[in-house]
Amino acid sequence: MRINFSGLGFEIGQKKLGLAQSPQLGREYLRFLTSLDFIDFGDSNELNTNPPQSGFVLSNPENIDWILKKYENIFYKTKQILTSGIDPLINWGGDHSIALATLGAFKTVYPNGKILWIDAHADLNHPSYSLSGNLHGMPLSFLLNLENIANHHTPWLLNGLISTKDIIYLGLRAVDPYETQIINDLGITHFTDQEISQRGILNVLNDIRPLIADSPLHVSFDIDSVEYETAPSTGIKIEHGGLTRNDLLAIAIEIHRQKNIKSMDIVEINPLIGTKSQVEKTILLSLQFLLISLTGGSYESSSKQAQRSDQISLA
Ligand SMILES: [Mn+2]
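Residues numbered from 1 in each chain as written. Predicted model: local features only at pLDDT ≥ 70, side-chain atom pairs only at ≥ 80, totals over all residues.

### Structural notes on the overall build of the protein
Counting its secondary structure elements, the protein contains twelve helices and eight strands. Relative to the 2.2 N^0.38 estimate, which gives 20 Å for 315 residues, the radius of gyration of the protein is 19 Å and therefore close to what a compact globule would have. C-alpha extents for the protein along the principal axes are approximately 70 × 40 × 40 Å. Sequence separation of 24 or more characterises 77% of the internal contacts of the protein that already satisfy a separation of 6 or more. (Helix = DSSP H or I, 4+ residues; strand = E, 2+ residues; numbered from the N terminus. Rg over C-alpha atoms; globule rule 2.2 N^0.38 Å. Contact = placed C-beta atoms within 7 Å.)

Laid out in structure tokens, this is it:
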């Protein structure tokens, strides 16, 4: 098993500073804690240089194409990596707007791919209706081409569009009325955090299993899907509900069991929010989710394991 790491420190999809520092932290922790082989595709960062306005760019039509051009670049970068057969690819954000590029690239390379979208939010907002104007709440409206938005603004995405049948939402708990209507009208499969806590994660995974079996898989993991106390270093604080650590680890075990993951986004971890121990707690949980999803729990390279068993037999 190998970690293929792409740092996508985009923080321009929302207004806070700090998300651009997340990939470097993820990289350092991974290399410190594991002895897995590591291929590093470097960093593509987009900083909020003018935070009070940067999140509002989509309210201004003149700015839409300027900002979306930045995603076109990382779309081609991600597509190139996946096309060369390197997987699973870890897309470490950054805010959730990077999914425009990463998921678009995944679907371009794997047209029959499925998507597990683990998030408190549905990220289905449309620039015309969004209250915040933040692009990190909109990637799926582009990817679904709602109201032909991709035709107008992201033509490079058109081969990577997703169908409503490709998406499975896990952990929704803060969905806008406009988004609820889209989910219901289009019949998108979703499991809210409430349903997960009522029925239990294993029953929910039992429903999900046949939906993702035998298809290439993209996992888009937004840390705000997790309950606040367990993963506090993220930009939007939702006091109620959320996935528990156990829910998350059960999901990771299921992802590993499927053995078909091609790419994973890890987004919205903000190292500038919270105390040092809160940041560490948040990042360690994300790493555990990532590592169990990829390896099932064995974080050492096979050569290192062989070494260790040699040592044991010598003793
Ligand atoms: Mn999100």
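That covers the picture; the talk isn't over yet.
### Section: the packing of helix 9 (residues 201-212) against helix 10 (residues 245-258)
Helix 10 packs onto helix 9 with a crossing angle of 25° between their chain directions and a minimal axis gap of 11 Å. Taken together, the axes of helix 9 and helix 10 lie roughly parallel to each other. Handedness of the helix 9/helix 10 crossing: right-handed. Residues I201, L202, L205, R209 and I212 of helix 9 form the contact with helix 10, whose own contacting residues are D247, A250, I251, E254 and Q258. (Axes fitted to C-alpha atoms, helices over the stretch in contact; angles between N-to-C directions. Parallel < 35°, antiparallel > 145°, perpendicular 65-115°, else oblique. Left-handed = near helix turned anticlockwise from the far one by under 90°.)

### So, the sheet that holds strand 2 (residues 37-43)
Pairing is parallel in the open sheet, where eight strands are placed in the order 2-1-3-8-7-4-5-6. What marks the edges here is a single partner per strand, and that holds for strand 2 and strand 6 (189-192). Within the sheet, the average angular offset between the axes of one strand and its neighbour, ignoring direction, is 15°. Across the sheet, helix 9 touches strand 4 (114-118), strand 5 (167-172), strand 6 and strand 7 (217-222), and the angle it forms with strand 4 is around 150°. (Pairing = 2+ DSSP bridges.)

### Quick notes on the environment of S163
Examined against the element boundaries, S163 turns out to sit in the loop between helix 6 (149-153) and strand 5. Between the C-alpha atoms of S163 and H96, which are 67 residues apart in sequence, the distance is 19 Å.

### A look at the nonpolar core
Core analysis: the biggest nonpolar cluster contains 77 residues, and L116 and Y169 have the highest contact counts within it. With near-sequence residues (within four places) excluded, Y169 lies in contact with W117, A122, I188, T189, H190 and F191. (Core = buried A, V, L, I, M, F, W, Y, C linked by C-beta atoms within 7 Å. Buried ≥ 20, exposed ≤ 12 C-beta atoms within 10 Å, placed from the backbone.)

### Regarding the pairing of strand 8 (residues 261-267)
Among the seven residues in strand 8, five count as buried, and that is most of the element. With four bridges joining them, strand 3 (residues 89-93) and strand 8 adopt parallel strand pairing. Bridge pairing in strand 8 links L89 to S263. Pairing of strand 7 with strand 8 involves six bridges; the strand directions are parallel. Bridge pairing in strand 8 links L217 to I261. Crossover connection from strand 7 via helix 10 to parallel strand 8: handedness right-handed. (Right-handed = clockwise from strand over helix to strand, strands pointing away.)

### Quick word on the pairing of strand 7
The buried fraction of strand 7 amounts to six of the six residues, a majority that puts the element mostly inside the structure. Of the two faces of strand 7, the one carrying L217, V219 and F221 and the one carrying H218, S220 and D222 are both buried. Two strands pair when backbone bridges link them, and strand 4 and strand 7 are joined in this way by five bridges, in the parallel orientation. Note that in strand 7 the partner of I115 across the bridge is H218.

### Quick word on the environment of R209
Relative to the helices and strands, R209 is located in helix 9. A sequence separation of 43 residues divides R209 from A252, and the C-alpha atoms of the two residues are 12 Å apart.

### Points about helix 1 (residues 22-33)
The end-to-end C-alpha distance of helix 1 is 16 Å, a good match for the 16 Å that twelve residues give at a rise of 1.5 Å each. What helix 1 keeps buried is the set S22, P23, G26 and L30. Projected down its long axis, helix 1 carries its buried residues within an arc of 95°, all on one side. Opposite the packed face of helix 1, turned more than 90 degrees from it, sit the exposed residues E28 and F32. Contacts made by the buried residues of helix 1 are with strand 1 (2-8), strand 2, strand 3, strand 8 and helix 11 (276-295). (Expected span 1.5 Å × (residues − 1). Arc of directions from axis to C-beta.)

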